[in-house]
Amino acid sequence: MKGILEKNWVKGLISLILTFGIVQVLISTNIINDYLQSTLATICINIILAVSLNLITGFTGQFSLGHAGFMSIGAYVCALITLNNRTIPGFILGVFAGAIVAAIVGFLVGLPTLRLKGDYLAIATLGMAEIIRIIFTNLDSITNGPAGLQDIPQFTNWPWLFLYTAGTIIIISNFIRSSHGRACISIREDEIASEAMGINSTKNKVTAFTIGAFFAGIAGALYASTFNFINPKIFDFSKSINILVIVVLGGLGSISGSVIAAIVLEIINTYLQSFADIQMILYSLLLVIIMIFRPQGLMGSKEISFSVFGKLSSLFAPKKGRV
Amino acid sequence: MEQLLQQIINGISLGSIYALIALGYTMVYGIIKLINFAHSDVYMLGAYIGYFCMTKLNLGFLPSLIIAMILCTLVGVTIEKVAYKPLRNSTRIAVLITAIGVSLFIEYVTMAIAGPNVRSYPPMTGILAKNFDLGGINVTMQQLIILGTTIVLMILLQFIVKKTRIGKAMRAVSLDQDAAMLMGINVNTTISFTFALGSALAGAAGILVGIYYNSINPLMGMLPGLKAFVAAVFGGIGIIPGAMIGGYFIGIIEVLVSGYGNSMYRDGVVFAILILVLIIKPAGLLGKNIREKV
């Protein structure tokens, strides 16, 4: 009984409940107003996108520039389902259907293209995302073409966003610690050597890609439900780049880095909104400067763990056993 | 039949522009293995410089072309010195992100200075506005200018790469950077020179697209840039004749798809070709497969 507070999962659970509770209190006391709530939703969606792309690019080492494509699939599937079935079960069905369709497309695309290496894979995934976008633009009868879908029922609120975001982080970080995840990391480090050790690199790469696509689909579905309006232009090349920027700033191979970068960047964006003219200029300068001076990103491949808090508290706590 | 020939002529004009941009991509990729995303913005700057020369300074086509090429060369070399050189020894992904950052930076600085609106090139006058009717096929003077300029520049480029000392150095560095350094080649100068050549060609492409399509805007580089990269990959990245063939191929395919099929799908077809090429023959049309060594 004494040791239960020392266990990592208990600490994790407590910090999750605390995060949820604090934000919920801030919302109910209206400190986080409607405007900031949309920022909050964007942060959650970006965390899901960045963590799932980090699994593909940061942990498995497969450079993908097409994450917005999977996001758009999730968004459109969820939007179409909730437009026809405006209920909570319809929303849940929409999110998971969107994620599953995105995962299937990810699997079908990943199987042939993941044989490619580095830049070639990047450009192939970019092409794939553009093709998805062009298909959505031209399927007038289903997707309403370039004008997009309007009046998508809004179901997302903080509890839903929190549930999906925390779920994504927990599932992906557990995947990375599983034997499959270790195999993915070994492929990133040296594909030939890991194959020599008996790791099926194609299978593991496709698995990581499919899981990444699945969660990108969830993020897209949440996007559609939060902003109740989507069109194909939202999911263009620059969206994929934005996701990649979060991953790289946070550090390739650091989940907590992705989370922190998603939060920090969105807060910067919110404050730069009033300087819309120079926002993109500052943003791009920031990108170049960070790459020149700290190319490994804010966190590198390190994770924030509870031992950091442990060390911090032991600095302040009185030494035990000498009282 | 006449319609087909007409489409092919239009495709060749468009393909010339893609080929000029693709040459810059392929040379830079060949030498430092970087997809230079900022390249498409150098092309956009070329179009703006040409616009400025023609409307504000009232210069003719040829002086504007030369000024645009010179200024774009300077921009290209500056980008390389400021943004890419400090990252020579870092990971590929870091350099790629920097390239994306530089690209966004150029686009939005241009937008802040010149405004986000679409601008239109001055109409061509005199001999430049002539049309030729070849038995039902219409060839404009602009198309002839585009083709002529492209051919002259490509011959010049072939001469520089094949016959001069610096061209030899470029080929050596792209084969093996370390070995080239041991042979006494100044690798940094060679890389800068490669950027200079590529940027000059992109500047020329920019002004040619201006007189062909008449309208320019700060984000005009994105899609042609991606397609030119597809052209470079199609021909075999790093191989100069490959980029030319790829550029013309992509240009003609695109025009044929919009002429005979649905013009909304033309970009999709280009990217589908890219994925097919990458899956069937990743080294490109003229590329050789290289065995992986441990």
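Reading the values: rules and limits
- Sequence order as written defines residue numbering, which begins from 1 separately in each chain.
- Chain letters start at A and ligand numbers start at 1, both assigned in the order the entries are written.
- Local features in a predicted model are, by the rule used here, given only for residues with pLDDT of at least 70; side-chain atom pairs are given and counted only at 80 or more, and totals for whole chains, interfaces and linings are based on all residues.
- Note: side-chain values were computed over all heavy atoms of the structure, leaving out hydrogens and water.
- Secondary structure elements follow DSSP: runs of H or I no shorter than four residues count as helices, runs of E no shorter than two count as strands, and numbering proceeds from the N terminus.
- What the globule rule says is 2.2 Å times the number of residues to the power 0.38, and the radius of gyration is computed from C-alpha atoms.
- With a 1.4 Å probe rolled over the protein chains alone, any residue whose accessible area is under 20% of its type maximum counts as buried; one over 50% counts as exposed, and the rest are partly exposed.
- Contacts are residue-level and defined by heavy atoms, with any inter-residue pair within 4.5 Å sufficient.
- Only the protein chains shown count as cover for residues, and the accessible areas themselves come from Shrake-Rupley with a 1.4 Å probe.
- A positive count includes Lys and Arg, and a negative count includes Asp and Glu. His and the chain ends are not counted in either.
- Just so you know, the charge point we use is NZ for Lys, CZ for Arg, CG for Asp and CD for Glu.
- Any pair of nitrogen or oxygen atoms within 3.5 Å is treated as a polar contact; in protein, a donor-acceptor pairing is required on top of that, and neighbouring residues in sequence qualify only through side-chain atoms on both sides.
- Residue ranges for the domains trace back to a domain assignment, done automatically or taken from a database.
- Buried area, as used here, totals the accessible surface that two parts lose on assembly, with accessibility defined by a 1.4 Å probe and the loss added over both.
- A pair is scored as a salt bridge if a Lys or Arg side-chain nitrogen falls within 4 Å of a carboxyl oxygen belonging to Asp or Glu.
- Residue classes follow a fixed rule: Ala, Val, Leu, Ile, Met, Phe, Trp, Tyr, Cys and Pro count as nonpolar, while Asp, Glu, Lys and Arg count as charged, and any other residue, Gly among them, counts as polar.
- A helix's residues, less one, multiplied by 1.5 Å, set its expected span.
- Side-chain atoms within 4.5 Å link the members of a nonpolar core, which is a set of buried Ala, Val, Leu, Ile, Met, Phe, Trp, Tyr and Cys residues.
- Centre distance within 6.5 Å is the pairing criterion for rings of Phe, Tyr and Trp, where only the six-membered ring of Trp is used; planes under 30 degrees apart are then read as stacked, over 60 as edge-to-face, and the remainder as tilted.
- Only protein atoms enter the 1 Å grid used here, on which a cavity is any set of points holding a 1.4 Å probe that cannot leave and a pocket is any open set flanked by protein within 12 Å on both sides along at least five of seven lines; residues with an atom within 4 Å of a point are listed as lining.
- Grid points are joined across faces, edges and corners, and a volume is the space filled by probe spheres set on the points.

## Regarding the overall build of chain B
Now for step 1: Across its full length, chain B holds 11 helices and 4 strands.
Now for step 2: In terms of C-alpha radius of gyration, chain B reaches 19 Å, essentially the compact-globule figure of 19 Å for 294 residues.
Now for step 3: Counting across all 294 residues of chain B, residues that qualify as buried make up 55%.
Now for step 4: A sequence separation of at least 24 residues applies to 77% of the contacts in chain B between residues at least 6 apart.
Now for step 5: Per element, the accessible surface of chain B, about 12,900 Å² overall, is 67% carbon and sulfur.
Now for step 6: Between the averaged position of the 19 positive side-chain charges in chain B and that of its 10 negative side-chain charges there is a distance of 10 Å.

## Considering the environment of Asn84 of chain A
All names here are of chain A.
Now for step 1: With respect to the helices and strands, Asn84 occurs in helix H3 (residues 67–84).
Now for step 2: Residue Asn84 is classed as exposed on the basis of its relative accessible area, which comes to 70%.
Now for step 3: Between the C-alpha atoms of Asn84 and Val95, which are 11 residues apart in sequence, the distance is 14 Å.
Now for step 4: Within polar-contact distance, the side chain of Asn84 engages the backbone oxygen of Leu80 at 3.0 Å.

## Side note on the side chain of Ser258 of chain A
Now for step 1: Mapping Ser258 of chain A onto the fold places it in helix H12 (residues 255–272).
Now for step 2: If sequence neighbours within four positions are ignored, Ser258 of chain A has contacts with Ala50, Val51, Asn54, Ile246, Val247 and Gly250 of chain A.

## A short note on the domain arrangement of chain A
All names here are of chain A.
Now for step 1: Once the domains are mapped, chain A shows domain 1 (1–32) and domain 2 (33–320).
Now for step 2: The distance between the C-alpha centroids of domain 1 and domain 2 comes to 24 Å.
Now for step 3: The interface of domain 1 with domain 2 comprises 13 residues on the first partner and 11 residues on the second.
Now for step 4: Buried surface at the junction of domain 1 and domain 2, summed over both partners, amounts to about 990 Å²; 78% is from carbon and sulfur atoms.
Now for step 5: Counting the surface domain 1 buries against domain 2, the share from its top three residues, Leu16, Phe20 and Ile32, is 47%.
Now for step 6: Linking domain 1 with domain 2 are 0 salt bridges, by the criterion used here.
Now for step 7: The interface formed by domain 1 and domain 2 includes 1 residue pair in polar contact (both at pLDDT 80 or more).
Now for step 8: Of the residues contributing to the side of domain 1 that touches domain 2, the split by class is 6 nonpolar, 6 polar and 1 charged.

## As for helix H11 (residues 266–280) of chain B
Now for step 1: Here H11 of chain B spans 21 Å end to end across 15 residues, near enough to the 21 Å set by a 1.5 Å rise per residue.
Now for step 2: Taken together, the buried positions of H11 of chain B are Asp267, Gly268, Val270, Phe271, Ile273, Leu274, Ile275, Val277 and Leu278 of chain B.
Now for step 3: On its buried side, H11 of chain B packs onto helix H4 (88–113) and helix H5 (118–138) of chain A together with helix H9 (222–235) and helix H10 (240–260) of chain B.

## Concerning the nonpolar core
Now for step 1: Counting residues in hydrophobic clusters, the biggest one holds 189 residues, and the most contacted among them are Leu65 and Ile230 of chain A together with Ile17, Phe37 and Tyr84 of chain B.
Now for step 2: Shared between two domains, this core takes at least three residues from each, and those domains are domain 1 (1–32) and domain 2 (33–320) of chain A.
Now for step 3: Contacts of Leu65 of chain A, omitting those with residues within four sequence positions, involve Ala122, Thr125, Leu126, Phe237, Ser240, Ile241 and Leu244 of chain A together with Phe37 of chain B.

## Structural notes on the packing of aromatic side chains
All names here are of chain A.
Now for step 1: What the rule picks out here adds up to 18 aromatic pairs over all chains.
Now for step 2: Where Phe20 meets Trp158, the ring centres are 6.1 Å apart and the plane angle is 10°; that geometry is what we call stacked. Taken together, the residues span a long stretch of sequence, with Phe20 in helix H1 (residues 8–28) and Trp158 in helix H7 (residues 158–177) at a distance of 138 residues.
Now for step 3: Assessed through its relative accessible area of 27%, Phe20 is described here as partly exposed.

## Some remarks on empty space enclosed by the protein
Now for step 1: Applying the stated criterion across every chain, the model contains 2 cavities of 30 Å³ or more.
Now for step 2: Empty space within the largest cavity amounts to approximately 150 Å³.
Now for step 3: Contributing to the lining of the largest cavity are 13 residues, with Phe237 of chain A together with Phe37, Ser103, Glu107 and Met222 of chain B lying nearest its centre.
Now for step 4: Put simply, the parts of the chain that give the lining of the largest cavity at least two residues each are helix H11 (237–250) of chain A together with helix H4 (92–114) and H9 of chain B.
Now for step 5: The element that contributes the greatest number of residues to the lining of the largest cavity is H4 of chain B, accounting for 4 residues.
Now for step 6: Of the residues assigned to the lining of the largest cavity, the class counts are 8 nonpolar, 4 polar and 1 charged.
Now for step 7: As a volume, the second largest cavity reaches approximately 30 Å³.
Now for step 8: Residue contributions to the lining of the second largest cavity peak at 3 residues, all from H9 of chain B.
Now for step 9: Taken together, the residues of the lining of the second largest cavity sort by class into 6 nonpolar, 1 polar and no charged.

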